[in-house]
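Fold and geometry: a report
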Amino acid sequence: MGIFEANPKAALDDQLMAQVAQGDHHALQTLYDLTRRGIYGFALSITGHYADAEDVTQETYLRAYQAAVAGQYQAMGKPMAWLMTIARNLARMKLREGSRSAGLDEEALTRLPAPASLDAEDKMVLGAAMAALTPEERQVVMLHASSGLKHREIAHLLDMPLSTVLSKYHRALSKLRKKLQEAEA
């Protein structure tokens, strides 16, 4: 199987990618609906600015569509990894072309991808807790929570050893727990 293991959602995404490659805009919309939250969260974790993350997210789907139509996507059961790679490259380009440094700005903290069940105050608390993480810890948490990627997949995507990803993830969870407990007190 490989690093990005096949699962029903990946197979569905591959089917969608085949339809996208045929120019099916409905399939592109469906793919976007299934993956946008993870792509946006990943872009936000790199750029640190919601507007830049939104730009990267939109550009990711535009590039993916163009590449799929041009026959550049090869179905291998991992379209999410392909989309993440496009998003990572675009986010890094965005950082290079702008004068801003990576790190979540205050507005980005309020726009973190979070469950719809959270109210505005809970989102602010979550944003403040996420701000306490290092950029790498935030990336690992967002990739796992927002995108649903496994730690092994995150390690591959970020070019880190699996043990480093696991360490950062557990350290980040500990920090988040502590910050959230402080907020409750």
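Residues numbered from 1 in each chain as written. Predicted model: local features only at pLDDT ≥ 70, side-chain atom pairs only at ≥ 80, totals over all residues. Heavy atoms only, no water.

Our focus in this paragraph is helix α4 (residues 79–97). Compared with an ideal rise of 1.5 Å per residue, which puts 19 residues at 27 Å, α4 spans 27 Å between its outermost C-alpha atoms and is within 8% of the ideal. Restricting attention to buried positions, one finds in α4 the residues Pro79, Met80, Ala81, Leu83, Met84, Ile86, Ala87, Arg88, Leu90, Ala91 and Lys94. (Helix = DSSP H or I, 4+ residues; strand = E, 2+ residues; numbered from the N terminus. Expected span 1.5 Å × (residues − 1). Buried < 20%, exposed > 50% of the residue type's maximum accessible area, 1.4 Å probe, protein only.)

Phe42, Met84 and Leu143 are the most contacted members of the largest nonpolar core, which has 44 residues in total. Top element by residues in this core is helix α2 (residues 25–47). It accounts for 9 residues. Among all residues touching Met84, those that are not within four sequence positions of it are Gly38, Ile39, Phe42, Leu143, Ser147, Leu149 and Leu157. (Core = buried A, V, L, I, M, F, W, Y, C linked by side-chain atoms within 4.5 Å. Contact = heavy atoms within 4.5 Å.)

What follows covers the pattern of salt bridges. Summed over all chains, the structure comprises 7 salt bridges. Across the salt bridge formed by Arg171 and Glu137, the nearest N and O atoms sit 3.7 Å from each other. With Arg171 in helix α9 (residues 162–184) and Glu137 in helix α7 (residues 135–145), the pair connects residues that are 34 residues apart, well separated along the chain. A residue is classified by how much of its surface remains accessible, and Glu137, at 2% relative accessible area, is buried. With its nearest N and O atoms 4.0 Å apart, the salt bridge here joins Glu182 to Lys179. Separated by 3 residues within a single helix, Glu182 and Lys179 lie in helix α9, roughly one turn from each other. Members of the salt-bridge network, linked through shared partners, are Asp55, Lys94 and Glu97. (Salt bridge = Lys/Arg side-chain N within 4 Å of Asp/Glu carboxyl O.)

Next up on the list: the packing of aromatic side chains. For the structure shown, the criterion picks out 2 aromatic pairs. Between the aromatic rings of Tyr32 and Tyr61, the centroid separation amounts to 4.9 Å while the plane-to-plane angle is 75 degrees, which identifies the pairing as edge-to-face. Highlighted residues: Tyr32 in helix α2 and Tyr61 in helix α3 (residues 50–69), separated in sequence by 29 residues. What makes Tyr32 partly exposed here is its relative accessible area of 22%. The exposure class of Tyr61 is buried, given its relative accessible area of 5%. (Phe/Tyr/Trp six-rings, centres within 6.5 Å; stacked < 30°, edge-to-face > 60°.)

Let us look at the packing of α2 against α4. Direction vectors running N to C along α2 and α4 enclose 35 degrees, while the axes themselves pass 9 Å from each other. Read as a crossing pair, α2 and α4 show a hand that is right-handed. Here α2 contributes Leu31, Thr35, Gly38, Ile39, Phe42, Ile46 and Thr47 to the contact with α4, which in turn contributes Met80, Leu83, Met84, Ala87, Arg88, Ala91, Arg92, Lys94 and Leu95. Partitioned by chemical class, the residues of the contact of α2 with α4 number 10 nonpolar, 3 polar and 3 charged. (Axes fitted to C-alpha atoms, helices over the stretch in contact; angles between N-to-C directions. Left-handed = near helix turned anticlockwise from the far one by under 90°. Nonpolar A, V, L, I, M, F, W, Y, C, P; charged D, E, K, R; others polar.)

Right, let's get into the side chain of Thr60. Tracing the chain through its elements places Thr60 in helix α3. Among the residues examined, Thr60 registers a relative accessible area of 0% and is labelled buried. Leave out the neighbours within four places in its chain, and Thr60 touches Ile39, Leu83, Ile86, Ala87 and Leu90.

On to α3, then. Taking 1.5 Å as the rise per residue, α3 with 20 residues should run 28 Å; its terminal C-alpha atoms sit 29 Å apart, in good agreement. Of all the residues in α3, the buried ones are Tyr50, Asp52, Ala53, Val56, Thr57, Thr60, Tyr61, Ala64, Tyr65, Ala67 and Ala68. Following α3 by one or two positions, Gly71 adopts a phi angle in the positive range, close to 80 degrees.

Geometry only, nothing functional implied.
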